[in-house]
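Analysis of the macromolecular model
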Amino acid sequence: MKNESNGVIKVIDASFNVFETGWKKFGNNRPYISSNIDKLVNGDIIQERVERGVMVGFFGHKSNMELEPVENADNLPSNKTVFLKFHSKSGDVEHRQEITKANTGKALLSMHESGIGNFSWRGKGSAGLGGV
């Protein structure tokens, strides 16, 4: 774990399998297209964002309506992705995130440690990430 003085309170691995996710009785039931995830997640744009430390996340679904985050007093990032990789054959997504000291990070960590909620991701497709 990193020193708390850098704004990180915990590092979490939140890996999952895209072929084993989704609700059986509720939800959109849309299958993932492995080749699209591979191009996007393992592509240069996303990997550069991870390497440069700008792949940040926000607590909740409606807090980040735009792809590019706008940081303000009401919407501080709760976490930063520091590693992201997709394995197309197995469907596994490896994801490591640093949880911030912000109140939103503390809320995210509290829910994680209580077993409430889960990992969520989204993207805009071709309009936002280079045609993938």
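What counts, and at which threshold
- Residues numbered from 1 in each chain as written.
- Predicted model: local features only at pLDDT ≥ 70, side-chain atom pairs only at ≥ 80, totals over all residues.
- Heavy atoms only, no water.
- Helix = DSSP H or I, 4+ residues; strand = E, 2+ residues; numbered from the N terminus.
- Buried < 20%, exposed > 50% of the residue type's maximum accessible area, 1.4 Å probe, protein only.
- Core = buried A, V, L, I, M, F, W, Y, C linked by side-chain atoms within 4.5 Å.
- Contact = heavy atoms within 4.5 Å.
- Salt bridge = Lys/Arg side-chain N within 4 Å of Asp/Glu carboxyl O.

Some details on the environment of N103
Mapped onto the fold, N103 is located in helix α3 (residues 103-114). When the C-alpha positions of N103 and L76 are compared, they lie 8.1 Å apart, and in sequence the two are 27 residues distant.

A few points about the environment of G53
If you trace the backbone, G53 turns up in the loop between α2 (44-52) and β3 (56-57). The partly exposed category is assigned to G53, whose relative accessible area is 23%.

Quick look at the nonpolar core
Counting residues in hydrophobic clusters, the biggest one holds ten residues: F16, V18, I37, V41, I46, V50, M55, L84, F86 and V93. Elements with a minimum of two residues in this core: α1 (34-41), α2 and β4 (79-87). Apart from the residues lying within four places of it in its own chain, the contact partners of L84 are V41, I46, Q47, V50, M55, V93, E94 and H95. Counting six residues, the second largest nonpolar core, distinct from the first, contains I12, A14, I99 and L108.

Description of the pattern of salt bridges
As enumerated under the stated definition, the model contains four salt bridges in all. One salt bridge in this structure joins R96 and D13, with 2.8 Å as the shortest N-O distance. Here the residue R96 occupies a position in strand β5 (residues 92-100), and D13 occupies one in strand β1 (residues 8-13), the gap between them amounting to 83 residues. Looking at R96, the relative accessible area reads 32%, which means it is partly exposed. With a relative accessible area of 51%, D13 lands in the exposed category. Among the salt bridges present, the one from R52 reaches E48, with a minimum N-O distance of 3.1 Å. Remark: E48 and R52 occur in helix α2; sequence separation between them is four residues, near one turn of the helix. A residue is classified by how much of its surface remains accessible, and R52, at 63% relative accessible area, is exposed.

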